[in-house]
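# A closer look at the structure
If you want the building blocks of each chain, they are given just below.
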Amino acid sequence: IRNIDTIIIHCAATKPSMDIGAAEIDRWHRARGFFGIGYHYVIRRDGKLEEGRPIEQAGAHAQGHNANSIGICLVGGINDNGKPQNNFTDAQWITLKSLVTSLVHKYKARKIIGHNEVSNKACPSFSVSKWLKNDMNKV
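Procedures and definitions
Residues numbered from 1 in each chain as written. Predicted model: local features only at pLDDT ≥ 70, side-chain atom pairs only at ≥ 80, totals over all residues. Heavy atoms only, no water. Helix = DSSP H or I, 4+ residues; strand = E, 2+ residues; numbered from the N terminus. Polar contact = N/O pair within 3.5 Å; in protein donor to acceptor, adjacent residues only side chain to side chain. Salt bridge = Lys/Arg side-chain N within 4 Å of Asp/Glu carboxyl O. Buried < 20%, exposed > 50% of the residue type's maximum accessible area, 1.4 Å probe, protein only. Pairing = 2+ DSSP bridges. Axes fitted to C-alpha atoms, helices over the stretch in contact; angles between N-to-C directions. Contact = heavy atoms within 4.5 Å. Phe/Tyr/Trp six-rings, centres within 6.5 Å; stacked < 30°, edge-to-face > 60°.

### Thoughts on the environment of S102
With respect to the helices and strands, S102 occurs in helix α2 (residues 90-107). A polar contact is formed between the side chain of S102 and the backbone oxygen of L99, at a distance of 2.9 Å.

### Some points on the pattern of salt bridges
Overall, the coordinates contain five salt bridges when judged by the stated rule. Between R44 and D19 there is a salt bridge whose closest N-O contact spans 3.3 Å. Residue R44 is located in the loop between β2 (41-43) and β3 (49-51), and its partner D19 is located in the loop between β1 (6-11) and α1 (22-31); the two are separated by 25 residues in the primary sequence. According to the relative accessible area criterion, R44 is buried, its value standing at 16%. Linked by salt bridges that have partners in common, D19, R44, K48 and E50 make up one network.

### Some remarks on the sheet that holds strand β4 (residues 69-74)
What the five strands build is an open sheet, ordered β3-β2-β4-β1-β5; its pairing is mixed. Each having just a single partner strand, β3 and β5 (111-114) make up the two edges of the open sheet. Within the sheet, the average angular offset between the axes of one strand and its neighbour, ignoring direction, is 25 degrees. Contacts from α1 reach β2, β3 and β4 within the one sheet, and its direction differs from that of β3 by about 40 degrees. Against the sheet, α2 touches β1, β2, β3, β4 and β5, its axis set at about 175 degrees to β4.

### Topic: the packing of aromatic side chains
Evaluated as defined, the whole model comprises five aromatic pairs. Relative to F126, the ring of F88 has its centre 5.9 Å away and its plane inclined at 75 degrees; by these criteria the two rings are edge-to-face. Of this pair, F88 sits in the loop between β4 and α2 while F126 sits in the loop between β5 and α3 (128-133); the two residues are 38 residues apart in sequence, bridging distant segments of the chain. Taking relative accessible area as the criterion, F88 reaches 7% and is therefore assigned buried. Summarising the aromatic geometry, the rings of W93 and W131 are spaced 6.2 Å apart at their centres and angled 40 degrees between planes, so their arrangement reads as tilted.

Everything listed here is a matter of coordinates, which is why it stays silent on function.
Here it is as structure tokens:
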């Protein structure tokens, strides 16, 4: 059993018009040489939660941090010009809050961070620490 102490939030770096889910991300990750989707959960634009990689398996979402973390990916995160943008839907925020709350209780995760806190990336296109401080409401 993995010792999970961190939840890492990502974005798919997709435009708001792209309604994709775990199946598409799985294909993208396999094309990059992964043995399957790197995230444990994907939250679609409509707020639907989809399971990715089984929790028992280390993810492939944050180099150097996969062994002890759970990866959550929000679909969206860039604008029509490909620039980082916090463009997540109300339904996504509701699902994210519920999922993070349940994972913290289940795994006693001590850290909830954005991918940008462990990698030189804009992902997830919002400040996770601000979101947490604001009662996990929309930033």
